[in-house]
Amino acid sequence: MAVDYSVYLVTDNTPAILRSRDLVAIVKAAVEGGVTIVQLRDKTSDTGDLIRIAKQLHEVTKARNVPLLINDRVDVALAAGVEGVHIGQDDIDLASARRLLGPDAIIGVTANSIQEAVTAAEGGADYLGLGTVFSTSTKENTKSIVGTAGLREMLSALSTCAAPSVSTVCIGGINASNTQRVLYQSAAPSKQLDGVAVVSAIIGADDPFKAAQELKRLVETPPAFAVEQKTPVGLEKPDVIRMEIPPVLKALADLTPLCHNMTNMVVQNFAANVALCIGASPIMSNNGSEAPDLARLAGALVVNMGTVTDEGLKNYLSALRAYNSVGGPVVFDPVGAGATTQRRTAVRTLLAGGYFDLIKGNENEIRTVAGTAGDIQQRGVDSGASAMGLRERAALVRDLARRERNLVLMTGATDVLSDGELTLAIGNGHEYLGAITGSGCTLGTTVAAFLVAGKEQKIVAALAGVLLFEIAAERAAKREDVRGPGTFVPAFLDELYAIRKETLEGNPTWLEAAKVATVTF
Ligand code: 3NM
């Protein structure tokens, strides 16, 4: 019999979650709401009580053809006559459980690493509970937090093991706010999760029926930000660039999208001016509580952690969730990511807290986000010298884009932009951009606005933003009235504006300056 693992409920009888309510009534409501499989997890009751509770729950689950499994206790599963067990790494071994329960029982195993996952799959587990995804107070002694990146690695390894069709659910900190994103970001090319397992999101909910119904809806629908992409071939070729980029500028002009910047105090004014010059409508608001209203206006959000504070981080998370829920593009600019412990922690918190359509940073910032910076200490928020060759930088960008299932843009003398499939090297720009404050930050603003104009072609949209920004810088730097970084800033704003006007008037000759190449690996 095919088992539906999509909404997997694990019970909990601790007062913090169950409060003084009746577990059987809650499970009944949850099953009616759409839970597809239930595990009785009770670490405290005596064996007799456990069997009694299992039998009561089984009446409820059987009525809806929902399988009931018992955590750890093969004896209780046998005594209550339920469909199977779920075993942890420290519980009875899989082979013994199978021998005792027989070939038809459903047996699931908790796995926290690739090794544990592959061993259990090849050992004949029907499904695996992969985790711990996010930190959770529901279970004590959880092992490492794997995040969506860890899930993806496990799924990828499982897809090539001897039992590639083993079913999988994830567990740990899963709730309505992250279910869709976790399913989306954890998917490996040839294997994805079959469902999500939750405890507190249903057992702790005031209305378990509604909570289950909502989770069911969420697992069945892709997240709003997951738009199927139509990327043109040969995007590095001049004629393709000339054909593909101007329409994005035109779409931007038509939409005049709101560009909501949660940015640092240094660049607010400059970023607002850049947004105006490229044809977006800027709003500079670091207040997370107004983000849901702003997100409904169909614009983009920039989360720039240039002057991050603990309070600011909470605001970013609220805004991130608001934009994710409506599919508004979000750009993450991890300014100075490697400079301090606080910033490194902020990066982890933000990546665990929502989906970024694009992550933009210099080499050190991207290395920190990717977790490959090791003990490199970034000094302040400046870029610093490059320590890597182009192909090495490109591979890092591509791998991070694959891991996050988004776009990554690494700035530098040559910028690298990747969606995990296509990786482009962009050789435009001018050294004055490195001599003024906020050029990286305002590139983030620019790219965010462009993503609104190219939701089905995110990489084309991002490329359009980068080219407009950097070719405007080249043109400004060449002007006679520009004698250095000070005179460069107003000229740069002028050129952003001028290029936009030229393009809208049907003149795309500025694109002849584009220096774009595909990076092959
Ligand atoms: N197992 P919540 S985490 C039962 O990582 C359990 O193996 C975990 O609770 C693991 O959905 C966990 O409330 C608790 O976060 C999950």
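These numbers were taken from a predicted model, which means no experiment stands behind them. (Residues numbered from 1 in each chain as written. Predicted model: local features only at pLDDT ≥ 70, side-chain atom pairs only at ≥ 80, totals over all residues. Heavy atoms only, no water.)

Draft legend 1. Representation of the site of the ligand within the structure. For the ligand, the full set of nearby residues is R41, T110, T132, T136, T138, K139, I171, G172, G173, V198, V199 and S200. Contact distances for the ligand include 2.7 Å between an oxygen atom and a side-chain N or O atom of T136. K139 places a polar side-chain atom, nitrogen or oxygen, 3.4 Å from an oxygen atom of the ligand. Coverage of the ligand by the protein amounts to 95% of the 420 Å² it exposes when considered alone. Of the residues in the shell around the ligand, the class split is three nonpolar, seven polar and two charged. (Near = heavy atom within 4 Å. Polar contact = N/O pair within 3.5 Å; in protein donor to acceptor, adjacent residues only side chain to side chain. Areas by Shrake-Rupley, 256 points an atom, 1.4 Å probe, with all protein chains shown as cover. Nonpolar A, V, L, I, M, F, W, Y, C, P; charged D, E, K, R; others polar.)

Draft legend 2. Broad picture of the domain arrangement of the protein. Domain parsing of the protein yields domain 1 (7-220) and domain 2 (255-518). Taken over C-alpha atoms, the centre of domain 1 sits 40 Å from the centre of domain 2. Taken together, the contact pairs eight residues of domain 1 with eleven residues of domain 2. Roughly 850 Å² is buried in total at the junction of domain 1 and domain 2, and carbon and sulfur atoms are behind 50% of that figure. Three residues stand out in domain 1 for area buried against domain 2, namely R181, Y184 and Q185, and they jointly supply 58% of the buried area on that side. Linking domain 1 to domain 2 there are zero salt bridges. Our count for the domain 1 to domain 2 interface comes out at five residue pairs in polar contact (both at pLDDT 80 or more). Of all the elements in the fold, those that place two or more residues in the side of domain 1 that touches domain 2 are α7 (147-159) and α8 (179-186). With three residues, α8 is the single largest residue contributor to the side of domain 1 that touches domain 2. Classifying every residue of the side of domain 1 that touches domain 2 gives four nonpolar, two polar and two charged. (Domains from an automatic or database assignment. Contact = heavy atoms within 4.5 Å. Buried area = accessible area lost by both parts, 1.4 Å probe. Salt bridge = Lys/Arg side-chain N within 4 Å of Asp/Glu carboxyl O. Helix = DSSP H or I, 4+ residues; strand = E, 2+ residues; numbered from the N terminus.)

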